[in-house]
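A closer look at the structure
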Amino acid sequence: MAHAVKELFPDARLAIGPATDEGFYYDFDIDRTFTPEDLYLIEKKMSEIINRNNPFVCKVIPREEAVKLFREKGETYKVELLHEITDENVTLYQEGDFVDLCRGPHIESAGQVKAFKLLSVAGAYWRGNEKNKMLQRIYGTAFTDEKDLKKYLDFLEEVKKRDHRRLGKELELFSIGEEIGAGLIIWHPNGALIRRTIEEFWLNEHYRAGYKILYTPHIAKLDLWKKSGHLDFYRENMYSPMEIEGVDYEIKPMNCPFHIHVYKSSLRSYKELPIKYAELGTVYRYERSGVLHGLLRVRGFTQDDAHIFCREDQIEDEVLNVLDFTLYVLKTFGFKQYDTYLSTRPEHYVGTPESWERATNALKNALELKGLSYDIDPGEGVFYGPKIDIKVKDVLNRPWQCSTIQVDFNNPERFDITYRGSEDKEQRPIMIHRALMGSLERFFGILIEHYAGAFPVWLAPLQVKVLTIAKRHNDYARNLTEKLKSEEIRAESDLENEKIGYKIRNATVMKVPYLVIIGDREVSEGNITVRKRTGENIGPFTIDKFIRIIKKEIDSKQ
Ligand code: ZN
């Protein structure tokens with residue numbers, strides 16, 4: 001692709017062009033914006049180059065010589081990259097008259113490329129730093145045959161249809177406003193209603209599972225974050241402090257220190273443990289603008305956070321409880337497949353090797369008792385303790401990191417929290433940080449794509465839409481809507497003076513689960529036929545029967 005771009009646009013300068021899991025990209029510095037027509041021309045040129053079938057030849061030359069070569073070619077980005085390489089020699093690959101700095105390896109000749117496609121163009125800052133120049137990145141993919149390429153392109157089409165940013169706008173769920181700021185989510189009424197429904201479910205289940213719910217502030221003294229160690233370990237994700245009456249305050253990146261504060265507010269005995277505090281805690285973390293992505297990567301988000309304070313001998317049971325809870329919650333939202341990871345002790349860590357081993361074994365035992373197969377991520381634990389990560393797989397089999405369960409030996413030490421043991425001695429509890437959904441924003445983004453916006457009835461912002469064929473049916477529709485609402489079913493009527501086909505289309509676009517169409521027959525017989533958003537008709541029912549059906553569906557959360 002880079003060769004083709006250089007042949008078509010000799011002024012383009014080459015930056016970097018790696019292979020990725022999904023294909024490849026290359027960043028170009030060029031004074032024009034690549035258009036879809038350009039991509040088409042580049043593809044044609046690529047096919048030409050493939051037909052030439054020139055070999056890829058590897059050359060090892062002294063670094064200084066490579067600097068000279070690329071400088072002469074005006075490839076300043078390559079020169080910059082070469083200055084960072086400390087090896088004496090570097091490798092170049094040549095194909096026809098095109099040469100690039102590359103570690104390799106490569107296919108033997110261009111003719112081995114069988115099926116490829118350029119997918120998109122996006123702006124990308126040189127080295128991902130927004131202070132640098134914005135380059136143009138062309139994404140593409142390649143397969144060994146056309147069939148696999150086609151399969152992948154179909155998959156991408158499906159991904160596009162489910163894009164939560166597009167659906168978020170169409171279904172009036174959320175927005176991100178230029179004038180509000182990047183990575184900050186505004187929940188519109190439909191999205192907010194779904195969020196409230198999720199929150200209510202979350203709240204009820206947490207009370208049921210023995211958690212106590214907390215609310216904590218969005219800012220706190222900077223000193224708190226010094227004490228928690230975040231200023232040392234997490235500074236690059238934190239915003240600059242603000243001054244209030246001569247004291248520095250910081251917007252919170254984490255909820256943990258607040259929960260510790262509540263734990264410390266009274267003397268604790270071993271009999272009280274475990275103590276479980278949960279909060280839908282909104283935190284703010286700095287992410288570069290280049291990596292922000294819809295609801296999936298944001299700057300302000302609400303974690304479904306909880307902290308369990310327990311004795312070391314309780315870790316296994318507590319982790320088992322959390323695993324049960326997690327799988328139950330994920331299943332409720334339609335996720336039945338997961339990839340599970342256990343991350344073990346990294347090179348730098350706090351606590352003793354023995355306590356790490358005991359905690360890691362407790363996590364392992366819990367996973368095995370649950371019958372969950374898992375992979376070990378050696379050395380990938382956080383410095384403060386081992387952890388379990390669960391990635392849910394959506395309907396397109398894409399993995400998403402949501403749930404995490406982390407053992408912490410560090411914070412109890414830093415904040416000097418204790419409990420009175422059975423022999424009246426001061427003991428140090430263990431802290432477990434856990435999130436089931438991760439963040440509400442991200443989880444919502446995943447849900448939108450998983451369901452393609454067609455939320456199950458219990459989550460759907462509008463559950464029933466009543467549509468009238470003619471004006472004379474309006475009173476009947478109004479009464480029906482009121483009756484549904486009095487049964488706590490989210491219902492609305494469309495009494496506009498429009499054709500019924502138009503009304504059905506509108507409600508279908510909004511993915512309303514049930515449409516009730518009222519005409520002469522419905523009014524005279526008192527029965528209704530219900531149209532599902534899939535187009536299938538069910539009924540006729542009496543209104544009471546319809547109410548029973550829909551309430552059952554809401555209760556079962558299916
Ligand atoms: Zn925490």
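Residues numbered from 1 in each chain as written. Predicted model: local features only at pLDDT ≥ 70, side-chain atom pairs only at ≥ 80, totals over all residues. Heavy atoms only, no water.

This next bit is on the domain arrangement of the protein. Per the domain assignment, the segments making up the protein are domain 1 (2–165), domain 2 (169–339 + 406–451) and domain 3 (464–556). Using C-alpha coordinates to define each centre, domain 1 is positioned 55 Å away from domain 3. (Domains from an automatic or database assignment.)

As a further point, take the sheet that holds strand E11 (residues 219–221). The pairing of strands in a sheet happens through backbone hydrogen bonds and is either parallel or antiparallel. Strands sit in the order E11-E13-E12 across an open sheet of three strands; the sheet is antiparallel. Bordering the open sheet on either side are E11 and strand E12 (242–244), each of which pairs with just one other strand. Each neighbouring strand pair of the sheet contributes to a mean axis angle of 40°, computed without reference to strand direction. For E11 and strand E13 (residues 247–251), the ladder comprises three bridges, and the chain directions are antiparallel. Pairing of Ile-219 across the sheet is with Ile-251, part of E13. (Pairing = 2+ DSSP bridges. Helix = DSSP H or I, 4+ residues; strand = E, 2+ residues; numbered from the N terminus. Axes fitted to C-alpha atoms, helices over the stretch in contact; angles between N-to-C directions.)

With mixed pairing, eight strands are arranged side by side in an open sheet as E10-E14-E15-E22-E19-E18-E16-E17. This sheet does not close on itself; its edge strands, each paired only once, are strand E10 (212–213) and strand E17 (375–377). Both strand E14 (residues 275–284) and strand E15 (residues 300–310) contribute to a ladder of ten bridges, which runs antiparallel. Among the inter-strand pairings, Thr-282 is bridged to a residue of E15, identified as Thr-302. Set on the sheet, helix H11 (residues 315–332) makes contact with E14, E15, strand E16 (338–343), strand E18 (387–393), strand E19 (399–408) and strand E22 (430–439); between it and E22 the angle comes to about 5°. (Contact = heavy atoms within 4.5 Å.)

Moving on: the nonpolar core. Formed by 83 residues in total, the largest nonpolar core has its most connected members in Phe-333, Val-464 and Phe-546. At nine residues, H11 tops the list of elements feeding residues into this core. Three or more residues apiece are contributed to this core by two domains, here domain 2 (169–339 + 406–451) and domain 3 (464–556). Excluding residues within four positions of it along the chain, Phe-333 makes contact with Ile-198, Phe-201, Met-437, Phe-443, Leu-447, His-450, Tyr-451, Trp-458 and Leu-459. With 21 residues, the next largest nonpolar core counts Met-1, Ala-4, Val-5 and Ile-49 among its residues. (Core = buried A, V, L, I, M, F, W, Y, C linked by side-chain atoms within 4.5 Å. Buried < 20%, exposed > 50% of the residue type's maximum accessible area, 1.4 Å probe, protein only.)

This part covers the coordination of the zinc ion. Looking at the zinc ion, the protein donor atoms are Cys-256 (SG), His-307 (NE2) and His-433 (ND1), and they sit 2.0 to 2.3 Å from it. Look at where the donors of the zinc ion fall in the sequence and you get C-x50-H-x125-H. On the criterion of sequence distance, the pair formed by Cys-256 in helix H10 (residues 256–264) and His-433 in strand E22 is long-range, its members being 177 residues apart. (Donors = N, O, S within 2.8 Å, 3.2 Å for Na, K, Ca; no water.)

Tallied over the entire structure, the rule returns 48 salt bridges. When the shortest N-O distance is used, the salt bridge between Arg-137 and Asp-27 registers 2.7 Å. Of this pair, Arg-137 sits in strand E7 (residues 134–143) while Asp-27 is found in strand E2 (residues 24–29), placing the two residues 110 residues apart along the sequence. Comparing Arg-137 with Asp-27, the two get one shared label, buried. Here Arg-32 ties to Asp-38 by a salt bridge, and the two come within 3.0 Å at their closest N and O atoms. According to the relative accessible area criterion, Arg-32 is partly exposed, its value standing at 36%. (Salt bridge = Lys/Arg side-chain N within 4 Å of Asp/Glu carboxyl O.)

A separate point is helix H7 (residues 189–208). Its 20 residues give H7 an end-to-end C-alpha distance of 28 Å, which sits within 8% of 28 Å, the value for a rise of 1.5 Å per residue. What H7 keeps buried is the set Gly-191, Ile-194, Arg-195, Thr-197, Ile-198, Glu-199, Phe-201, Trp-202, Glu-205 and His-206. After H7 finishes, the residue Gly-210 shows a positive phi value of roughly 90°. (Expected span 1.5 Å × (residues − 1).)

Further remarks concern the side chain of Thr-332. Residue position: Thr-332 is located in helix H11. At 2.7 Å, the side chain of Thr-332 forms a polar contact with the backbone oxygen of Tyr-328. What Thr-332 contacts, discounting residues up to four positions off in sequence, is Phe-201, Tyr-451, Trp-458 and Lys-557. (Polar contact = N/O pair within 3.5 Å; in protein donor to acceptor, adjacent residues only side chain to side chain.)

Quick look at the layout of surface pockets now. Volume-wise, the largest pocket comes out at about 2,100 Å³. Of all the secondary-structure elements, those providing two or more residues to the lining of the largest pocket are strand E6 (115–125), E7, helix H5 (146–161), E19 and helix H14 (440–451). Per-element accounting of the lining of the largest pocket gives the leading share, nine residues, to E6. Looking at the lining of the largest pocket residue by residue, the class counts come to 23 nonpolar, twelve polar and 13 charged. (1 Å grid on protein atoms, 1.4 Å probe; cavity = no way out; pocket = protein on both sides within 12 Å on 5 of 7 lines; lining within 4 Å. Points joined across faces, edges and corners; volume = space filled by probe spheres on them. Nonpolar A, V, L, I, M, F, W, Y, C, P; charged D, E, K, R; others polar.)

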